[in-house]
Amino acid sequence: MFWLLVTSITFLGAMLVMLVIGMVLPESHEAEAEKEVEASIEQVYAELRNPEEYPRWKSGVRSVLKESDTVWLEKDSHGNHVRYMIAEESRPNRIVIRILTEGLPYQGEWEYELQKLGPRKTRIRLKEKGRVKNPIFRFLSKFFFGHSATIHHNLKELAGRLEPS
């Protein structure tokens, strides 16, 4: 019984520390990463512009229901549904994708800037502008996952889709 009490107090204390630190951290963050891929700028842009193909290369996306040319609904690996939109685009150099679903513990947008380096070589710069409402998620994102973890993973999966095996 003593060890159960000690364990419970330790757990609650850790949660309280995470909550307090998370409340001090800003809700908004920005992160950026880039990657060069062996694919033409047109191929990269076409892949980003076609959300119906996301389940083929984005591991967290199970299905996509296209609502219009610029709006779609993604079902993720946890069964959650999130609406996205193409907020801005400048073919074939830039595309901005934004979350439309309200009430999520996070909001944000991702800006892909594409730079042609050669006929079959493109630099992708991915910028994330996010907002994490839950202070415990803010703490975990800042100190355990890192704000750039998602964009690095996304760039790796996109490169895997585009580059020849």
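The structure presented is a predicted model; accordingly, all values stated were derived computationally and were not measured.

Which residues make up a nonpolar patch on the surface, and what are the values?
A contiguous nonpolar patch, built from Leu16, Leu19, Val20, Met23 and Val24 and spanning about 480 Å² of accessible area, is present on the exposed surface. As for its placement among the helices and strands, Val20 is situated in helix H1 (residues 2–24). A relative accessible area of 46% means that Val20 is categorised as partly exposed.

Requested: an account of the pattern of salt bridges, with residues and values cited.
Under the definition given, this model contains 20 salt bridges. Of the charged contacts, one joins Lys121 and Glu38 as a salt bridge, the two residues approaching to 3.1 Å between their closest N and O atoms. Here the residue Lys121 occupies a position in strand S7 (residues 121–132), and Glu38 occupies one in the loop between strand S1 (28–37) and helix H2 (41–48), the gap between them amounting to 83 residues. Since its relative accessible area comes to 28%, Lys121 is described here as partly exposed. Accessibility expressed as a relative area gives 38% for Glu38, which makes it partly exposed. Linking Glu47 and Arg161 is a salt bridge whose minimum nitrogen-to-oxygen distance equals 3.1 Å. Here Glu47, found in helix H2, pairs with Arg161, found in helix H5 (residues 149–162); they are 114 residues apart in sequence, far enough to count as distant. Each of Glu32, Glu34, Glu36, Glu38, Glu113, Lys121, Arg123, Arg125 and Lys127 takes part in a single network of salt bridges with overlapping partners.

I'd like a rundown of the environment of Ser141, residues and numbers included.
Looking at the element boundaries, Ser141 is found in helix H4 (residues 135–145). Separated by 79 residues in the primary sequence, Ser141 and Arg62 have C-alpha atoms spaced 23 Å apart. Sequence-distant contacts of Ser141, defined by excluding residues within four places in its chain, comprise Gly146 and His147.

What counts, and where the lines are drawn
- Residues numbered from 1 in each chain as written.
- Predicted model: local features only at pLDDT ≥ 70, side-chain atom pairs only at ≥ 80, totals over all residues.
- Heavy atoms only, no water.
- Patch = residues over 30% accessible without salt bridge, like charges linked within 9 Å, V, L, I, M, F, W, Y side chains within 5 Å.
- Areas by Shrake-Rupley, 256 points an atom, 1.4 Å probe, with all protein chains shown as cover.
- Salt bridge = Lys/Arg side-chain N within 4 Å of Asp/Glu carboxyl O.
- Helix = DSSP H or I, 4+ residues; strand = E, 2+ residues; numbered from the N terminus.
- Buried < 20%, exposed > 50% of the residue type's maximum accessible area, 1.4 Å probe, protein only.
- Contact = heavy atoms within 4.5 Å.

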